[in-house]
Structure formats: structure tokens, C-alpha cells
Amino acid sequence: MIEALYQTLEKVGYTHPVHPPFTHMPTGLLVGALIFGLISFLFRRPVFAVSARHCFVMALIFFFPTAFFGYTDWVHHYDGIWTFPVKIKLVLTGILALLLVIGIYLNYKRSPSMKSVLTIYFLAVLVVAGLGYYGGNLVFGSEKPVATEELNAGEKLYAANCGTCHPQGGNILNHALPVKNSTYLKTFKTFLVFNRKPQRPDGTKGLMPAIPPEKVSDAEMKQIYNYITHSIEGR
Ligand code: HEC
């Protein structure tokens, strides 16, 4: 179902995530609600409280497609992987839904208290800012999970270049030094340096042949690294 949606979008030339453009609607409307609410409160102009309320209701309406496409993007572009920003975003989405409902309830009460309504508007803006921050983190930050195709490429490269000596991340030549949980996996840099010039823990030359860049490029090494850390170690 979700894949059909993205295939249709691809046919008309749209390959970006769908959620980010939608986020502008609730975000802008909530900022609008806060600004109109503040004007109404500070300058005692009740007509602006009505504008604020309308913005707030519109924000609730746009909350649904935005959250929905957030979910479908996550499934389609991030393989539904539970990373830290995704978890935070889920919690913040729940809090936002709650604030939207409370805000509307307070607005339609017989004699709404402008102070409590404003507090809700303010909190809602804070929460969307948090959602935006962690969304940015997902798209631009280091938290982007490795795509499945990348891992498959890494798996093939591993099988071709490392697998004979290191089946399943082990080490048939030296059982004491498996790939799995090796300290060289700490960062990609340490891993790369090791593969270009392998050695035993005491610094002497061991049995592992050096893997030159002509054989496995840095980019391919990165795929092997991702495959080991994600699929073998399940980090
Ligand atoms: C011909 C067999 C052989 C091949 C091929 C090989 N290795 Fe090794 N590897 C070893 C041996 C043996 C050691 C133990 C150190 C030594 O004797 O050099 C080792 C050690 C390692 C270690 C360090 C373990 C530790 O913590 O000390 C890592 C990481 C590693 N190999 C990764 C790889 C990767 C990645 C590839 C493929 C790009 C690869 N190896 C290809 C034999 C091999």
C-alpha cells in the first residue's frame, strides 16, 4: 500500500520524502496561533484571539496528514528502523496531539482563560520545534540508518574479500582474533587503517594480507564496515 504511493509519486518525478513539506503547515499555523494569541492578550484585541483559534484548529487538521506521511516516509526511506530521533519524534508527536486537543478544549470552554490557552500555544510551538530539530537530525545528521541496498553490497564485498577467512565474522586462521567485536571496528577510520596494514595485537605482521585500495576502494570498505557493524554485530 505504502510502496504503491511512493511508486506513483516517482512516476510523476517526485522522489523526495513527503513529510517535510507537510510539516510547514502545522508549524506555520502554530506559530501563527501563538503570535495572534499574544497580540490579542497584550493589546486586548479579542478579534485576534479568534484568528489564533482558527490557526490552531487548522494545525490540528494538518496534524493528521503530516503525521501519516511521517510514518510512510519512515517505512519507505528509513526501512522502519527505530533510531533515537525516530523514538523522540514519536513521543513528541503524542505530546503535540495531546496539546492540540487540550488547546481546542480550552478555547471552546464557556469562559476560556487566555493565559492557559497561550501556555498551550507556546508549548505546542516548542514541541514542533523539537520535532523539526530531530527531523533535521534524521535527514542531515549522522543518524541516517544504512539503506538495505548498501548492506547487500557490503555483504557481497565481504563474502568476496573477507569471508573465506572470516566466515560469520569469525576467524578460521586465528580464532582468538575474530572480526566480530574487534576493537578496530570502533570507527571506520581505525577499521580502514587496519585493513590497509593488518597486524597482530602485538604490532607484528600476522597472516592477514593487506587489502590495497586497488582491490577494495575506501568507499567499498565503508560498505563492508557498515555490513559488519549492522548485519554481523547488529549494532
Ligand atoms: C587470508 C585470510 C584473511 C583475509 C582474506 C582477511 N583476513 Fe582479516 N584477519 C585474518 C587474520 C589471520 C587475522 C588476525 C591477525 C593476523 O594474523 O593478521 C585477521 C584480523 C582481522 C581483524 C582484526 C581482529 C582483531 O581484533 O585483532 C579485522 C577487523 C579483520 N581481520 C577484517 C578483515 C576484513 C574486513 C577483511 C576483508 C576486507 C579481511 N579481514 C580479510 C585473516 C584474513
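Analysis parameters
- Residues numbered from 1 in each chain as written.
- Predicted model: local features only at pLDDT ≥ 70, side-chain atom pairs only at ≥ 80, totals over all residues.
- Heavy atoms only, no water.
- Near = heavy atom within 4 Å.
- Polar contact = N/O pair within 3.5 Å; in protein donor to acceptor, adjacent residues only side chain to side chain.
- Helix = DSSP H or I, 4+ residues; strand = E, 2+ residues; numbered from the N terminus.
- Nonpolar A, V, L, I, M, F, W, Y, C, P; charged D, E, K, R; others polar.
- Salt bridge = Lys/Arg side-chain N within 4 Å of Asp/Glu carboxyl O.
- Axes fitted to C-alpha atoms, helices over the stretch in contact; angles between N-to-C directions.
- Parallel < 35°, antiparallel > 145°, perpendicular 65-115°, else oblique.
- Contact = heavy atoms within 4.5 Å.
- Phe/Tyr/Trp six-rings, centres within 6.5 Å; stacked < 30°, edge-to-face > 60°.
- Expected span 1.5 Å × (residues − 1).
- Domains from an automatic or database assignment.
- Core = buried A, V, L, I, M, F, W, Y, C linked by side-chain atoms within 4.5 Å.
- Buried < 20%, exposed > 50% of the residue type's maximum accessible area, 1.4 Å probe, protein only.
- Left-handed = near helix turned anticlockwise from the far one by under 90°.

As for the site of the ligand
Phase 1 of the analysis: In the vicinity of the ligand, 21 residues are found, and the nearest of them are Cys162, Cys165, His166, Ser182 and Met208.
Phase 2 of the analysis: Note that a nitrogen atom of the ligand is positioned 2.7 Å from one of the side-chain N or O atoms of His166.
Phase 3 of the analysis: The backbone of Met208 places a nitrogen or oxygen atom 3.0 Å from an oxygen atom of the ligand.
Phase 4 of the analysis: The leading source of residues in the shell around the ligand is helix 7 (residues 188–196), at three residues.
Phase 5 of the analysis: A per-class count over the shell around the ligand returns 14 nonpolar, six polar and one charged.

Details of the pattern of salt bridges
Phase 1 of the analysis: Scanning the entire structure with this criterion turns up one salt bridge.
Phase 2 of the analysis: Of the charged contacts in the structure, one is a salt bridge between Arg196 and Asp218, with a shortest N-O distance of 2.6 Å. One end of the pair, Arg196, is in helix 7; the other, Asp218, is in helix 8 (residues 218–232), and 22 residues separate them in sequence.

Things to note about the packing of helix 1 (residues 2–11) against helix 3 (residues 46–77)
How two helices pack is summed up by the angle between their axes together with the distance between the axes.
Phase 1 of the analysis: With their axes 10 Å apart at the nearest point, helix 1 and helix 3 run at an angle of 85° to one another. When the interaxial angle is binned, helix 1 and helix 3 end up roughly perpendicular. Where helix 1 approaches helix 3, its residues Ile2, Glu3, Leu5 and Tyr6 are matched on the opposing element by Phe69, Tyr71, Thr72, Asp73, Val75, His76 and His77.
Phase 2 of the analysis: Here the contact of helix 1 with helix 3 is composed, by residue class, of six nonpolar, three polar and two charged.

Focus: the packing of aromatic side chains
Phase 1 of the analysis: All told, the structure shown has 13 aromatic pairs when counted by the stated rule.
Phase 2 of the analysis: Arranged with centres 6.1 Å apart and planes meeting at 50°, the rings of Tyr71 and Trp74 form a pair that is tilted. Taken together, the positions of Tyr71 and Trp74, both in helix 3 and three residues apart, correspond to about one turn of that helix.
Phase 3 of the analysis: Taken together, Phe22, Phe68 and Phe69 form an aromatic cluster joined through their ring pairs.

Considering helix 6 (residues 148–161)
Phase 1 of the analysis: Here helix 6 is 14 residues long and its end C-alpha atoms lie 20 Å apart, about the 20 Å a rise of 1.5 Å per residue gives.
Phase 2 of the analysis: Where helix 6 is buried, its residues meet helix 8.

Thoughts on the domain arrangement of the protein
Phase 1 of the analysis: Per the domain assignment, the segments of the protein are domain 1 (2–140) and domain 2 (148–232).
Phase 2 of the analysis: Once you take the C-alpha centre of each, domain 1 and domain 2 turn out to be 44 Å apart.

Some remarks on the nonpolar core
Generally speaking, a soluble globular protein has its nonpolar side chains buried in company with each other.
Phase 1 of the analysis: Leu30, Phe56, Leu96, Leu100, Tyr121, Ala124 and Val127 are the most contacted members of the largest nonpolar core, which totals 24 residues.
Phase 2 of the analysis: If you list the elements that add at least two residues to this core, you get helix 2 (19–42), helix 3, helix 4 (84–107) and helix 5 (114–140).
Phase 3 of the analysis: Among the elements that take part in this core, helix 5 stands out by supplying nine residues, more than any other.
Phase 4 of the analysis: If we skip the residues at most four places from it in the chain, Ala124 touches Leu30, Phe56, Leu96 and Leu99.

A few points about the side chain of Asn226
Phase 1 of the analysis: Structurally, Asn226 is set in helix 8.
Phase 2 of the analysis: For Asn226, a relative accessible area of 10% translates into the label buried.
Phase 3 of the analysis: Those residues in contact with Asn226, other than ones at most four positions away along the chain, are Val146, Glu150, Leu151 and Ser231.

A few points about the packing of helix 3 against helix 4
Phase 1 of the analysis: Relative to each other, helix 3 and helix 4 sit at 160°, their axes nearing to 10 Å. Relative to helix 4, the element helix 3 is oriented roughly antiparallel. Here helix 3 runs over helix 4; the crossing is left-handed. For the pair formed by helix 3 and helix 4, the contact residues are Arg53, Phe56, Val57, Ala59, Leu60, Phe63, Ala67 and Trp74 on the first element and Val86, Thr93, Leu96, Ala97, Leu99, Leu100, Gly103, Ile104 and Asn107 on the second.
Phase 2 of the analysis: Broken down by class, the residue content of the contact of helix 3 with helix 4 amounts to 13 nonpolar, three polar and one charged.

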